[in-house]
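Here is what each chain is made of, one letter per residue.
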Amino acid sequence: LLALAVGQIESKEMSPRCRVWAEPSVVTAAASEFDDMEVFLSAAEKITQLPYPWKRYDLPCLPPSFPYGGTENPCVTFVTPTLLVGDKSLVDVVAHEIAHSWTGNLVTNLTWEHLWLNEGYIMWLQRKIMCAAKKDPLLFGFDAIGRFNDLKEDVRILSDD
């Protein structure tokens, strides 16, 4: 994969292996919102018992026209500025994209037919990362129950009855 970010951007070093990139008007907010990147990487390394394989992790916060929450590549995750809410309530998107470094980029499914399995492992690792970062093991079950309730509601809405 090849990833390019071009524009009037600045960066803030978050740790020896993590950096945030953004337009000058939002780089400080992005650095503040995503200052747990190193914590997420370290937690994932401890959980998987494997070192982060890509050496660097950069996070460009793209202009508002970027329509996705986050899109990962090895070494870099592109995020939307809509994640900059000021209270870190959406940083689990970054934990999710970091989880792809182990379950997705390092090991993945053979075909698209089993993509659900790949994302299942990523959600498991994302939840474990967030529990470790927040030092609260109850977050795992809380998030899983919330997402399961969302799934049941989606099935209800989309059912043919």
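Residues numbered from 1 in each chain as written. Predicted model: local features only at pLDDT ≥ 70, side-chain atom pairs only at ≥ 80, totals over all residues. Heavy atoms only, no water.

J.: Describe unusual backbone geometry, with residues and values.
T.: With a phi angle near 80°, Cys75 is a residue other than glycine that sits in the positive phi range. Secondary-structure assignment places Cys75 in the loop between β4 (70-73) and β5 (76-79). One non-glycine residue, Lys135, adopts positive backbone phi at about 55°. Residue placement: Lys135 occurs in the loop between α4 (115-134) and α5 (138-158). (Helix = DSSP H or I, 4+ residues; strand = E, 2+ residues; numbered from the N terminus.)

J.: Quick one: what's the story with the packing of α4 against α5, residue by residue and with numbers?
T.: For the pair α4 and α5, interaxial distance at closest approach is 8 Å and the crossing angle is 140°. As summarised for this structure, α4 and α5 are arranged oblique, according to the angle between their axes. Crossing geometry of α4 relative to α5 is assigned as right-handed. Each of Met123, Trp124, Gln126, Arg127, Lys128, Met130, Cys131 and Lys134 in α4 lies in contact with α5, whose residues at this interface are Leu139, Phe140, Asp143, Ala144 and Arg147. Considering only residue class, the contact of α4 with α5 consists of 7 nonpolar, 1 polar and 5 charged. (Axes fitted to C-alpha atoms, helices over the stretch in contact; angles between N-to-C directions. Parallel < 35°, antiparallel > 145°, perpendicular 65-115°, else oblique. Left-handed = near helix turned anticlockwise from the far one by under 90°. Contact = heavy atoms within 4.5 Å. Nonpolar A, V, L, I, M, F, W, Y, C, P; charged D, E, K, R; others polar.)

J.: I'd like a rundown of the nonpolar core, residues and numbers included.
T.: Core analysis: the biggest nonpolar cluster contains 27 residues, and Phe34, Met37, Phe40, Tyr57, Val94, Ile98 and Ile129 have the highest contact counts within it. Per element, the largest residue contribution to this core is 5 residues, and it comes from helix α2 (residues 37-48). Beyond its immediate stretch of four places on either side in the chain, Val94 contacts Phe34, Met37, Phe40, Tyr57, Leu59 and Val79. (Core = buried A, V, L, I, M, F, W, Y, C linked by side-chain atoms within 4.5 Å. Buried < 20%, exposed > 50% of the residue type's maximum accessible area, 1.4 Å probe, protein only.)

Shape is all these values report; function is a separate question.
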